[in-house]
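Descriptive structure summary
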Amino acid sequence: MEKNFVIAGFGGQGVLLAGEVLANAFMLDNKNVTWYPCYGAEMRGGTVNCEIVMNDTEEVSAVNLKEADFVVALNQASVERFVSKVKKGGWMIANSSLAKEIKTRDDINYVFAPMTKMAEEIGNIKMTNILALGIAAKVSKLTSIETLTNALDNVIPPHRKNLLPLNLKALKIGYEYDLLHA
Amino acid sequence: MECLQKTKKKVLMKGNYAIANAAVMAGCECYFGYPITPQSEIGEFMSGKMQELKRAYVSAESELAAINMVIGACSTGAKAMTSSSSCAVSLMQEAISYASADELPIVLVSVMRGGPGLGNIYPSQGDYNQAVIGGGNGDYQTIVLAPSTVQECVDLTYKAFYLAHKYKNPTILLADGLLGQMMEPVEFTEYPYPEIDNSSWALSGAKGRNGRIIRSYAPLAENQCVFLNKLYGKYKQIEENETEWEEIDTEDADIVLISFGSPSRNVKSAMKICRKEGLKVGFLRPITLWPFPSKRIAELSKKVKMFLDIEVNMGQMLKDVKLAVNGAVPVEFFNRPVGNPPEVDDIVNKIREIMK
Amino acid sequence: MAVQTFKLPKSLKEGAKFSFCPGCDHGVAVRILAEVLDELGLTENTITATSIGCSVTIYDFINVDAIEAPHGRALAEATGIKRARPDKCVFTYQGDGDFASIGIGESLHCALRGENITAICINNTTYGMTGGQLGPTTLLGQKTTTSPTGRNVEYYGYPIKIAEHIALCDGTAYSARVSLDTVANIKKAKQAIKKAFEIQMKGLGFTFIEILSTCPTNWKMTPEQAHDRVRNQMMEVFKPGVYKDITAEKTV
């Protein structure tokens, strides 16, 4: 089985970090995983994005994949850019605080959650990325909140460990988000 | 970035950091470098780690200076390296020629980006020629190792130091911007190779012996002839002993795909899709770009119907493949001029098209 | 009056025959350098990075470990050597073109980093080995094969005062300009070289000696005329002296 994620947003939203945490979680689950930043045509003012490919075989994954099983889009530009990349039957997980709740395709699943607003409610808008990661993990059913907790601990550097509790809180809120209402 | 030593469990790491940590593990005593995207993490990691270990690190004033510092350090027998990218590796060509003539074990990590000229910072394989053929003067040859995963970045960095010292020959680890920036779980073992005794040639001060001279100046043509024949004898030995490649399902193959570095991952995936469709497709990935697995490709050319060479450049390794095949069967080419590897589907379509 | 017996320094290779042109100061410079290595007992603990130009041949005469650097890169290679083996005595022996033209980046940065290396630069105001072309220290008015009507500012710009530039670098511990035109000046030159090596071995920073030298062949002069030129023309612009000595400053 091979599954891949695209996480996209604008610079400063912590897109690369969220991807690194997810990749770390797959590593802790003893999966093969590859994380890489996708280079878009635009360098400034565009989206930042990374791709995470996991598989549970011994094989090395291909990169630069045409389609994605899961796209996590933290702003409108990312939704627009990556909606066509979602595999038929795959998921577009979008931040409705910064993206319109419009479903342009009927062959994919959508989750709209006001991620920025939810992060604000726990006191730090910068938690949007980890909150989104929690939702994506729940949707994908590919890793557990326990593994993600360990992954966060791995990725957050020693001098930022004071932020770990808040990150874990964001992860939990995301993971427990009521998908039925999304 | 946390400075690592040996790790028992896997760690998720960028290719650039993995290369740097592997160099430290391989016993690299001196790092000299000048920043350039997409390999700057190597120097950043080294600046902290080497200082911590009381080894040498210098932020050189230029790539010219950096690689000549490596030559100086290597002349004393030390394990030393620099890292750079494309347009800046161009600046190092003179020194690579000197180090080849001096027979010094310099290690250069070259993380390819787009070119020619300043180009861009996208991944590329446009420096195959620069590494394998080289832009320095005279007859010389560097050893070139091409990783395709982050774990291979580690393993081949170890190997680069070993081969450089074993053969007293400049050795290039040829990665690309994608590998440099890519994160994958990696393991660091102990440096798996024996240490090479260099006491017979290294500069250490002329104590109880005459002064040694490491030089390339050869005023007499006869002497230069003798030297070059000896040098090429060494190259032949390297070709015989060190040629390395990965090969899958070539036994019954009608077509063999050839690709190196990070794009080979997509080529391998494409091959597997084609196999599932019943197409008889094999795969060959040169790990040493020099010495190139020409012999093996020549053997295969006697039993396959064609080759498909896939690169992210305008067809640089292609010439070596064609030389090896020597007209026996057609050699098709599929590429992306610069950027990420071609998508798997596109490679599959190309295979279907040429196998019709 | 005591009799002084002239002996070949031990640091010179046995039976070495200088290949320098008659009247060229390179021979004297190499000899006093060898004497200094003898006197300081450094011969067996020294590694040199040589340069390109007439100076490259030093490894044929001096019996120390040596590597031949590409043109201008001697101080980069010396840096590599010293960083790899900090207990070794490391020096370069370069011409003005190597040190102050193609290699000025390496020279200044080596001084700025305060590498514990001694650099000796032979300034003869021309590219000697290639046949006397205009170099970084060619004097205004001087005719060379690439300044056939003489160096003028409008066309060629100014010559560089090397010792002064190096003295400005904070990592420099010692910078001096000496000449070899008289016995007294040769003695002074030797003292300066000795001082530089002593400072290096104390690990106090970069040490530099610029030696004003002759090139009778390319200047088309007799050795005597050439030394007159050093005195009357070169010293007017390139004034001998110690431009920096941190050991002297400390004693004040």
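See above for the structure.
Overview of the structure.

Thresholds, definitions, all that
Residues numbered from 1 in each chain as written. Chains lettered and ligands numbered in written order. Predicted model: local features only at pLDDT ≥ 70, side-chain atom pairs only at ≥ 80, totals over all residues. Heavy atoms only, no water. Helix = DSSP H or I, 4+ residues; strand = E, 2+ residues; numbered from the N terminus. Contact = heavy atoms within 4.5 Å. Areas by Shrake-Rupley, 256 points an atom, 1.4 Å probe, with all protein chains shown as cover. Lys, Arg positive; Asp, Glu negative; His and termini not counted. Charge placed at Lys NZ, Arg CZ, Asp CG, Glu CD. Buried area = accessible area lost by both parts, 1.4 Å probe. Salt bridge = Lys/Arg side-chain N within 4 Å of Asp/Glu carboxyl O. Polar contact = N/O pair within 3.5 Å; in protein donor to acceptor, adjacent residues only side chain to side chain. Buried < 20%, exposed > 50% of the residue type's maximum accessible area, 1.4 Å probe, protein only. Pairing = 2+ DSSP bridges. Axes fitted to C-alpha atoms, helices over the stretch in contact; angles between N-to-C directions.

Right, let's talk about the overall build of chain B for a bit. Along chain B, the regular secondary structure elements total 13 helices and 16 strands. For chain B, long-range pairs separated by at least 24 residues make up 79% of all intrachain contacts whose partners lie at least 6 apart in sequence. Surface exposure of chain B reaches about 13,100 Å², of which carbon and sulfur atoms provide 51%. Charged side chains of chain B number 38 positive and 41 negative; the gap between the two group centres comes to 3 Å.

Attention now moves to the interface of chain B and chain A. Accessible area lost upon the coming together of the parts is a frequently used measure of interface size. Chain B puts 26 residues into the contact, and the matching count from chain A is 20 residues. Counting each side, the surface lost to burial between chain B and chain A is near 2,100 Å², with a carbon and sulfur contribution of 60%. Joining chain B to chain A, the criterion identifies three salt bridges. The partner of K272 of chain B in a salt bridge is E59 of chain A, and the shortest N-O contact between them spans 2.5 Å. Across the contact surface, chain B and chain A share nine residue pairs in polar contact (both at pLDDT 80 or more). Going through the elements one at a time, strand 1 (7-14), strand 6 (120-123), helix 8 (177-181), strand 9 (183-188), helix 10 (263-276) and helix 13 (344-355) of chain B are the ones with two or more residues in the side of chain B that touches chain A. Broken down by element, the side of chain B that touches chain A gets its largest block of residues, five residues, from helix 10 of chain B.

Each partner contributes residues to the interface: chain B has 39 residues there, and chain C has 32 residues. Between chain B and chain C, a total of about 2,700 Å² is buried, with carbon and sulfur atoms accounting for 54% of that surface. Inspection of the chain B/chain C interface yields four salt bridges. Here E61 of chain B makes a salt bridge to R113 of chain C, at a shortest N to O gap of 2.9 Å. Between the two partners, chain B and chain C, sit 19 residue pairs in polar contact (both at pLDDT 80 or more). Listing elements by their share of the side of chain B that touches chain C, those giving two or more residues are strand 2 (30-33), strand 3 (56-59), helix 3 (63-75), helix 5 (93-102) and strand 10 (213-214) of chain B. Here the element with the most residues in the side of chain B that touches chain C is helix 3 of chain B; it accounts for eight residues.

Another point: the environment of R85 of chain C. Within the fold, R85 of chain C resides in the loop between helix 3 (74-84) and strand 3 (89-95). The spatial distance from the C-alpha of R85 of chain C to the C-alpha of E236 of chain C is 40 Å, given a sequence separation of 151 residues. From its side chain, R85 of chain C meets the backbone oxygen of T76 of chain B in a polar contact 3.2 Å long.

Residues and elements named next belong to chain B. Burial of helix 5 is extensive: eight of the ten residues sit out of reach of the surface. When helix 5 is considered as a whole, its buried residues turn out to be Q93, A95, I96, S97, Y98, A99, S100 and D102. E103 occupies a position one or two residues after helix 5 and carries a positive phi of about 55 degrees.

What follows concerns the sheet that holds strand 7 (residues 241-245) of chain C. Across the sheet, eight strands lie side by side as 10(B)-2(C)-1(C)-3(C)-4(C)-6(C)-5(C)-7(C); this open sheet has mixed pairing. The open sheet has two edge strands with one neighbour each: strand 10 of chain B together with strand 7 of chain C. Two elements, strand 1 (residues 46-50) of chain C and strand 3 of chain C, share five bridges in a ladder whose sense is parallel. Across the sheet, the residue bridging to I47 of chain C is V90 of chain C, located in strand 3 of chain C. Helix 3 of chain C contacts strand 1, strand 2 (65-68), strand 3, strand 4 (118-123) and strand 6 (206-212) of chain C of the sheet and is inclined by roughly 175 degrees relative to strand 3 of chain C.

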